[in-house]
Amino acid sequence: MLLFFTLGLLIHFVFFASIFDIYFTSPLVHGMTPQFTPLPPPARRLVLFVADGLRADTLYELDENGTSRAPFIRNIIMHEGSWGISHTRVPTESRPGHVALIAGFYEDVSAVAKGWKENPVEFDSLFNESKYTWSWGSPDILPMFAKGASGDHVYTYSYDAKREDFGAQDATKLDTWVFDNVKDFFHHARNNQSLFSKINEEKIVFFLHLLGIDTNGHAHRPSSRDYKDNIKKVDDGVKEIVSMFNHFYGNDGKTTFIFTSDHGMTDWGSHGAGHPSETLTPLVTWGAGINYPQRVSAQQFDDSFLKEWRLENWKRLDVNQGILPVDYLNNTDLFKAESMFTNAVQILEQFKVKMTQKKEVTLPFLFTPFKLLSDSKQFNILRKARSYIKHRKFDEVVSLCKELIHLALKGLSYYHTYDRFFLGINVVIGFVGWISYASLLIMKSHSNLIKAVSKEVKKPSHLLPCSFVAIGILVAFFLLIQACPWTYYVYGLLPVPIWYAVLRECQVIQDLVTSLLTYPLSHFVGYLLVFTLGIEVLVLSFFYRYMLTAGLTAFAVWPFLTRLWTRAKVTSLSWAFFSVLLAVFPLMPVVGRKPDISLVMGAGLLVLLLSLCVVTCLMKRKDSFRKEELLVHLLQVLSTVLSMYVVYSTQSSLLRKQGLPLMNQIISWATLASSLVVPLLSSPAVFQRLFSILLSLMSTYLLLSTGYEAVFPLVLSCLMFVWINIEQETLQQSGVCCKQKLTSIQFSYNTDITQFRQLYLDDIRRAFFLVFFLVTAFFGTGNIASINSFDLASVYCFLTVFSPFMMGALMMWKILIPFVLVMCAFEAVQLTTQLSSKSLFLIVLVISDIMALHFFFLVKDYGSWLDIGTSISHYVIVMSMTIFLVFLNGLAQLLTTKKLRLCGKPKSHFM
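By the naming in an unreviewed UniProt entry, the chain goes by GPI ethanolamine phosphate transferase 1 and is assigned to Rhinopithecus roxellana. Reading the Subcellular location (unreviewed entry) entry of the UniProt record for the chain gives the comment "Endoplasmic reticulum membrane". Note on the chain: under the UniProt heading Pathway (unreviewed entry), the record states "Glycolipid biosynthesis; glycosylphosphatidylinositol-anchor biosynthesis."

Shown next, in the form of structure tokens:
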């Protein structure tokens, strides 16, 4: 069995990794011939302002007094330059946003699992193509482009990372630092001949990364006065820098200015997903080569922003990354046509290289070219474009080049996804084989369904293994002659041994079919429909949280449809009450959008009240409650009180902009570190150990909470306690075993395997309950499939200085705490129902894999970027849940069975 779980874990890692090979491969193409416009550029230098986290609406709209928060930028829009909305893509994070702005392509998805500051793949950028680039700003952004540049011509000036503090007194100081350092730089250049000559060269770039707005948005929300005042500070700073540039270069008219943002921000202060508040960013340009404002009488857009911003009479020019926005250019028609032609040829070169690469590694009779852009069509379009330029038909050139760009991009996508169908088919075949094998193993080793297994030992046939060896050799040879990557061998060959293992169990399959034929057809169809409905509810809950409410409501009714109601009225009513109470949470807004510390305090008071009741009850049972255990409970109560104090005082300190108090930070980390140790000091009795685990984890969860979600683990745990009791009742009702009192059952690391029983049909329901509770633990208070569900305020009791990996780890632990509570309760269910954890885990594995197969088919590479990202994350979550289930099961066993003692020799106590 250990070998089975090890192989199963490896197979699931392969299935998990497959999504990255199928959908997350690098779109970058190398080996093209550089293309340049033959005409001289209108500007000698570019000044790029990027206001990190700035929303388009907050910049463009007027305040309550009818005045602009950024009067200088608005004056540019009306009198000097062009403006519009830049549409960013998911993930709306700083790194991919800046890569799109500066390198001209959407972030390479193969960078998902790589470093934040380093470039996992080589790519060219505007900075690399410049003669010199000087940049000022965040240490998280600037090194990306400096370390990827060829030569030593990209210079960076960053403040210390500790300045990026969400609890700081004034985050606008980050932007003030940038503006002051740029001024000092130019002041120094006047007295440094070498530097002075460099900044008077052509093809130079000045990059100002302004992080204050993003920091204030995370800390105080975009609707706050801090966020809006920061915009005014940035506007003033940009005005001063522009004036300084014009003065320094003697108003030579050779400077181009661009003011934009890498991403926006939701109303609740997060970003990463595809909400319009995250993807719509401002774009304002002026200076050399940029069109002046264009007055219009009417404009057609799908939104009502122009009227809201009172900019309906100034032409709005929206931009999508990748295609030259010729409408922004103020130059001759010849220049625009040549620039567009160069842009089209650059993208066509990428298409040609991609097609050649794919053709070289595909058998000639299997290669299917992209028919919409054949060699003859490429030649005709390029020839026609050159002819139009010669005859000065520049509008036709632009139109023709846009068509070529559109076709070339479609062709790039076609060759980029060329192997997707082949890889997908292999993964699906492997998935189905694995689910079949796991199901057969359950039937064979853990159930009484198959009784008529033949005892006659048949001589093994060599036909089956020889056939699968031949299939494996053919698959390997097919991949070898096409020079496929080594991962293709994994996906292509993995189904071969899996299906061999399935077909080896042909006797089990025959016995299963025989058993099912003797089963009443109506019963079989009824159970199959209920199982299918349950799976579909689980799948739909990933898209619609209210499906969890529907499921929990059905759970509440379940005891009243069986004999449980007549046997255990109190338990049935408790089950119904807590099921309905838990069903309320998926109907509430996603966590973090409306923080309310009073709810966190209320949750803490409920924990203290519950602790008082439990300790009082335990003290009455003098035979089973020692002073050592009382000390442990009092320690946990004290930890809860301290957590409440830290949450309240940290919130007060941050509101006063005094930062995170050091003592609060120490208490928070100490509470987190002790939360997995203190429960091991409690009694191994089922009720006492589970309650101790709840108290310890709740102390940490309170520190990570910002609102109503603080109550969620408490309600979930109450339902888990009732679940343990109700499963005992169902087992007694079915006559499998006699009911034991929970007070007489202890967690034990060395469980007597002779007490385990075979699986029954009702155990499928128990496994389904577990999966449903796990999904509820994931999505009960938010949609973690969406990056913007994470609220950085959750970690402010631990740290406020920006640290993406540490903050991510803390928020992941917050998600896993309800998961751990469910797994610990499941350990008790297995113990009280005398059920092997291996057998029940196999059923859970099959249910999870069927869900994963659903999501594999639901993965999209079309539609909105929010839909694409969400569909992929759903698959990743289910596969991660299956893999982490093994590790969390081990953690739950450790928390429930391990016993530590404060002092003295262990004493035996019988309950």
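## Topic: the pattern of salt bridges
Counted under the stated rule, the structure contains 22 salt bridges. Of the charged contacts, one joins Asp419 and Lys358 as a salt bridge, the two residues approaching to 2.9 Å between their closest N and O atoms. Here the residue Asp419 occupies a position in the loop between α15 (394-416) and α16 (420-445), and Lys358 occupies one in helix α13 (residues 333-360), the gap between them amounting to 61 residues. Lys358 shares its class with Asp419; the two are buried. When the shortest N-O distance is used, the salt bridge between Lys814 and Glu709 registers 2.9 Å. Linking Lys814 in helix α31 (residues 804-832) with Glu709 in the loop between α28 (686-703) and α29 (712-733), this pair joins segments that are 105 residues apart in sequence. Assigned by exposure class, Lys814 and Glu709 land together as buried. Three or more residues joined by partner-sharing salt bridges are found here, namely Glu727, Asp762, Asp763, Arg765 and Arg766.

## A word on the nonpolar core
Formed by 147 residues in total, the largest nonpolar core has its most connected members in Trp575, Trp723, Phe773, Met851 and Tyr875. When residues of this core are assigned to domains, at least three fall in each of domain 2 (422-518) and domain 3 (522-897). The residues touching Met851, leaving out its near neighbours within four places in the chain, are Ile535, Leu538, Val539, Phe542, Val771, Val775 and Val878. Ranked by size, the runner-up nonpolar core spans 54 residues in total, among them Ala51, Ala70, Ile213 and Trp309.

## Description of unusual backbone geometry
The backbone phi angle of Arg310 is positive, close to 60°, even though this residue is not glycine. Along the polypeptide, Arg310 turns up in the loop between α12 (305-309) and β8 (319-320). Phi angles above zero are rare outside glycine, and Ala483 is one such case at about 50°. Tracing the sequence through the fold places Ala483 in the loop between α17 (463-480) and α18 (486-493).

## With respect to the packing of aromatic side chains
For the structure on display, the rule yields 65 aromatic pairs. Measuring from centroid to centroid gives 6.3 Å for Phe422 and Phe478, while their planes differ by 55°, and the two rings are tilted. Taken together, the residues span a long stretch of sequence, with Phe422 in helix α16 and Phe478 in helix α17 at a distance of 56 residues. For Phe422, a relative accessible area of 29% translates into the label partly exposed. Classification of Phe478 by relative accessible area gives partly exposed; the value is 30%. Their ring planes at 75° and their centres at 5.3 Å tell us that Phe585 and Phe712 sit as a pair that is edge-to-face. With Phe585 in the loop between α24 (569-583) and α25 (597-620) and Phe712 in helix α29, this pair connects stretches of sequence that are 127 residues apart. The exposure classification of Phe585 matches that of Phe712, with both residues buried. Its guanidinium or amino end placed over the ring of Trp565, Lys569 lies 5.3 Å from that ring's centre, counting from NZ or CZ.

## Some remarks on the pairing of strand β6 (residues 255-260)
Residues in a regular strand point their side chains to alternate faces of the sheet. For β6, the buried fraction is high: five of the six residues fall into the buried class. Sheet analysis places strand β1 (residues 45-51) next to β6, joined by six bridges and oriented parallel. Note on β6: the bridge partner recorded for Phe49 is Phe259. Looking at chain direction, β6 and strand β7 (residues 280-287) are connected through five bridges and run antiparallel. Looking across to β7, one finds that Phe259 is bridged to Val284.

## Overview of the packing of helix α3 (residues 71-79) against helix α10 (residues 225-248)
Packed helices, taken two at a time, are described by the angle between their axes plus the distance between the axes. Where α3 meets α10, the axes come as close as 7 Å, and the angle between the chain directions of the two elements is 60°. Considering the angle they form, α3 stands oblique to α10. Where α3 approaches α10, its residues Pro71, Phe72 and Ile73 are matched on the opposing element by Lys232, Asp235, Val238, Lys239 and Val242. The residue makeup of the contact of α3 with α10, split by class, is five nonpolar, no polar and three charged.

## Overview of a nonpolar patch on the surface
A surface patch of nonpolar side chains, amounting to about 910 Å² of accessible area, comprises Leu516, Tyr519, Leu521, Phe524, Val525, Tyr527, Leu528, Leu529, Leu761 and Ile764. Top contributing element to the nonpolar patch by residue count: helix α21 (residues 521-541), with six residues. Along the polypeptide, Tyr519 turns up in the loop between α20 (506-517) and α21.

## Quick word on helix α7 (residues 173-189)
Compared with the 24 Å implied by 1.5 Å per residue over 17 residues, the 24 Å span of α7 between its first and last C-alpha is a close match. Looking at α7, one finds that the buried residues are Leu174, Asp175, Trp177, Val178, Phe179, Val182, Phe185, Phe186 and Ala189. Summarising the contacts, the buried residues of α7 are in contact with β3 (132-137), β4 (154-158), α8 (193-198), β5 (204-210), α9 (212-220) and α10.

## A short note on the packing of α13 against α15
Running from N to C, α13 and α15 cross one another at 20°; their axes reach a closest spacing of 9 Å. By the angle class used here, α13 and α15 are roughly parallel. In the packing of α13 onto α15, the handedness of the crossing is left-handed. Here the contact of α13 with α15 is composed, by residue class, of 19 nonpolar, four polar and four charged.

Thresholds applied
Residues numbered from 1 in each chain as written. Predicted model: local features only at pLDDT ≥ 70, side-chain atom pairs only at ≥ 80, totals over all residues. Heavy atoms only, no water. UniProt positions renumbered as here; feature names shortened; annotations may be inferred. Salt bridge = Lys/Arg side-chain N within 4 Å of Asp/Glu carboxyl O. Helix = DSSP H or I, 4+ residues; strand = E, 2+ residues; numbered from the N terminus. Buried < 20%, exposed > 50% of the residue type's maximum accessible area, 1.4 Å probe, protein only. Core = buried A, V, L, I, M, F, W, Y, C linked by side-chain atoms within 4.5 Å. Domains from an automatic or database assignment. Contact = heavy atoms within 4.5 Å. Phe/Tyr/Trp six-rings, centres within 6.5 Å; stacked < 30°, edge-to-face > 60°. Lys NZ or Arg CZ within 6 Å of the ring centre and 35° of its normal. Pairing = 2+ DSSP bridges. Axes fitted to C-alpha atoms, helices over the stretch in contact; angles between N-to-C directions. Parallel < 35°, antiparallel > 145°, perpendicular 65-115°, else oblique. Nonpolar A, V, L, I, M, F, W, Y, C, P; charged D, E, K, R; others polar. Patch = residues over 30% accessible without salt bridge, like charges linked within 9 Å, V, L, I, M, F, W, Y side chains within 5 Å. Areas by Shrake-Rupley, 256 points an atom, 1.4 Å probe, with all protein chains shown as cover. Expected span 1.5 Å × (residues − 1). Left-handed = near helix turned anticlockwise from the far one by under 90°.

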